[in-house]
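Here is what each chain is made of, one letter per residue.
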Amino acid sequence: MTWVAAVARLRARRESGVLVTVATVRGHAPREAGAKLVVGRSETWGSIGGGNVEAVAIDRAREMIAAAKPEPELIDFALNDKVTNQHGVQCCGGTVSVLLEPLRVVGSVAIFGVGHVGLELARILARQDLDLHLIDSRADMLTDERLDVLATDAVAQVHVHHTPLLPEEVLEELPRGTHALIMTHDHAEDAALCDAALRTSHLGSIGLIGSAAKWSRFRKRLSTEGGHDEATVARIKTPIGLPDITGKEPATIAVSVAADLLRILEGEAA
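Read on for a plain summary of the structure. Along every chain, residues carry numbers that run from 1 in the direction the sequence is written. Thresholds applied to this predicted model are a pLDDT of at least 70 for local features of residues and 80 or more for the giving and counting of side-chain atom pairs; totals over whole chains, interfaces and linings are not thresholded and use all residues. Just so you know, side-chain values use all the structure's heavy atoms and leave hydrogens and water out.

1. So, the pairing of strand β9 (residues 179–182)
Then, in step 1: Judged by which residues are buried, β9 turns out to be covered on both faces: H179 and L181 on one side and A180 and I182 on the other are all buried.
Then, in step 2: Any two strands are treated as partners once DSSP identifies two or more bridges connecting them. To qualify as a helix, a DSSP run of H or I must reach at least 4 residues; to qualify as a strand, a run of E must reach at least 2; elements of each kind are numbered from the N terminus. Bridging between strand β6 (residues 107–112) and β9 involves 4 bridges; their strand directions are parallel. Residue pairing for β9: A110 is matched across the bridge by A180.
Then, in step 3: Here β9 runs beside strand β10 (residues 206–208); their pairing, made up of 3 bridges, is parallel. In the sheet register, I182 faces β10, and the bridge partner there is L208.
Then, in step 4: Following the chain from β9 across helix α5 (residues 187–198) to the adjacent parallel β10, one finds a crossover that is right-handed. Only protein chains enter the accessibility calculation, which uses a 1.4 Å probe. A residue is then buried if its area is under 20% of the maximum for its type, exposed if over 50%, and partly exposed in between. Handedness of a crossover is defined as follows: with both strands directed away from the viewer, a clockwise route from the first strand across the helix to the second makes it right-handed.

Structure (structure tokens):
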């Protein structure tokens, strides 16, 4: 497996890891500059030459994975028989610098309803390093032409889900910790999604767009028909966004919601 595929596998599994790269080489060494190794919690992919250099790099990478907020590190190795090593002697004669870069678990966000506000929100979030899921029961909201605005400078990995009948089924497929934002065109669809989201234990936060009157109806329905207790219903945040931003234009609402969500994501990373 290539190092690129290994990094993608860790991201798909939502597991942290470390990318180890031979940064510089002087003299003789087992691998050339640019050789890479990917270290996960229990697996490794690739090689930077074996021996003490690789073993020390793996040990340090695993320490970084276990750390709360690891930073990139550069480790220097002298490859001669005069150096005391942790994992045996490497006497190729050269020197090697190895760069260790943490691979963090990226955030995951699901937007249910890609209408005017949903699309504006997707445009903002697509520029963040996260997994972005776009779900809508209307096929015309998810056409390539309409979503093309996301591709211009997208950083996020965008996943599109067209669910003509039961969009709530997507909830079970979402990665653990995904933050769900419910903003469809149909209040009945929103209500069904709220009920299903409260029954989906692996989600992160749950946000609902709408007025106080809408939430009052939903809260009563979730308690009576849905059978959810008050603590469970309180998992849903509404209204979403920053309270000090009161504009009603789709782009303004999207900025408010994105800012509030990014604050949550940064808190997770910290």
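2. Focus: the sheet that holds strand β4 (residues 73–78)
Then, in step 1: Overall, antiparallel pairing links the 5 strands, which are arranged β3-β2-β1-β5-β4 in an open sheet. Of all the strands in the sheet, the pair left with one neighbour each is β3 (44–46) and β4. Here the strands of the sheet are splayed against their neighbours by 20 degrees on average, with no regard to which way each runs.
Then, in step 2: Any two residues having at least one pair of non-hydrogen atoms within 4.5 Å are treated as being in contact. The axes used here are C-alpha line fits, helices contributing only the stretch in contact, and every angle between their N-to-C directions lies in the interval 0 to 180 degrees. Sheet strands in contact with helix α1 (residues 3–13) are β1 (17–26), β2 (36–39), β3 and β5 (95–103), and its direction is about 15 degrees off that of β2.

3. Some remarks on the pattern of salt bridges
Close approach of charged atoms allows side chains of opposite charge to pair.
Then, in step 1: When a carboxyl oxygen of Asp or Glu is within 4 Å of a side-chain nitrogen of Lys or Arg, the pair counts as a salt bridge. Per the counting criterion, the structure on display carries 15 salt bridges.
Then, in step 2: Among the salt bridges present, the one from R60 reaches E73, with a minimum N-O distance of 2.4 Å. With R60 in helix α2 (residues 51–66) and E73 in strand β4, this residue pair connects regions lying 13 residues apart in the sequence.
Then, in step 3: Relative accessible area serves as the criterion here: at 26%, R60 is assigned to the partly exposed category.
Then, in step 4: Notably, a salt bridge pairs D260 with K237, separated by 2.3 Å at the nearest N-O pair. Residue D260 is located in helix α8 (residues 250–269), and its partner K237 is located in strand β11 (residues 236–237); the two are separated by 23 residues in the primary sequence.
Then, in step 5: On the accessibility criterion, D260 (7% relative accessible area) is buried.
Then, in step 6: On the basis of relative accessibility, which here comes to 36%, the residue K237 falls in the partly exposed class.
Then, in step 7: If you follow the salt bridges from partner to partner, you end up with R11, D129 and D131 in one network.

4. Overview of the environment of F218
Then, in step 1: One can find F218 in helix α6 (residues 212–224).
Then, in step 2: Taking relative accessible area as the criterion, F218 reaches 7% and is therefore assigned buried.
Then, in step 3: Residues F218 and P250, spaced 32 residues apart in sequence, show a C-alpha to C-alpha distance of 23 Å.

5. Points about α8
Each full turn of the α-helix corresponds to 3.6 residues, which orients residues three or four apart in the same direction.
Then, in step 1: Under the 1.5 Å per step criterion, the end-to-end length of α8 is 28 Å for 20 residues, consistent within 8% with the ideal 28 Å.
Then, in step 2: Along α8, the positions that sit buried rather than exposed are A254, S256, V257, A258, D260, L261 and L265.
Then, in step 3: In the core, the buried residues of α8 are packed alongside β6, α3 (116–125), β7 (130–136), β9 and β11. Multiplying 1.5 Å by the helix residue count minus one yields the expected span of that helix.

6. Digging into the packing of α5 against α6
Then, in step 1: It is at 11 Å that the axes of α5 and α6 come closest, and there the two elements cross at 45 degrees. Judged by the angle between their axes, α5 and α6 are oblique. Where α5 crosses over α6, the two elements pack in a sense that is right-handed. Contacts from H187, D190, A191, C194, D195 and L198 of α5 reach α6 at K214, R217, F218, R221 and L222. Here the word oblique covers every angle except those under 35 degrees (roughly parallel), over 145 (roughly antiparallel) and from 65 to 115 (roughly perpendicular). Less than a right angle of anticlockwise turn of the near helix away from the far helix marks a crossing as left-handed, whereas a clockwise turn marks it as right-handed.

7. Regarding the pairing of β7
Then, in step 1: Counting buried positions over the 7 residues of β7 gives 7, a clear majority of the element.
Then, in step 2: Of the strand pairs in this sheet, β6 and β7 are connected by 6 bridges, and their pairing is parallel. The residue bridging S108 from the neighbouring strand is D131, located in β7.
Then, in step 3: Where the polypeptide runs from β6 across α3 and back to β7, its parallel neighbour, the crossover connection is right-handed.

8. Concerning the packing of aromatic side chains
Then, in step 1: Stacked, tilted and edge-to-face are the three classes applied to pairs of Phe, Tyr and Trp rings, where Trp contributes its six-membered ring and a pair requires centres within 6.5 Å; stacked means planes under 30 degrees apart, edge-to-face means over 60, and tilted covers the rest. Going through the model one piece at a time under the given rule, you end up with 0 aromatic pairs.
Then, in step 2: Comment: the charge-over-ring label is applied if NZ (Lys) or CZ (Arg) is within 6 Å of the ring centre and within 35 degrees of the ring normal. Seen from the ring of W3, K36 lies directly overhead, with NZ or CZ sitting 5.0 Å from the centre.

9. Regarding the side chain of S137
Then, in step 1: Relative to the helices and strands, S137 resides in the loop between β7 and α4 (144–151).
Then, in step 2: Taking relative accessible area as the criterion, S137 reaches 14% and is therefore assigned buried.
Then, in step 3: There is a polar contact of 3.1 Å between the side chain of S137 and the side chain of E189.
Then, in step 4: Non-local contacts of S137, meaning those with residues more than four positions away in its chain, are made with H162, T163, P164, H185 and E189. Here a polar contact is taken to be a pair of N or O atoms separated by no more than 3.5 Å, where protein atoms must pair a possible hydrogen donor with a possible acceptor and residues adjacent in sequence count only if both atoms sit in side chains.

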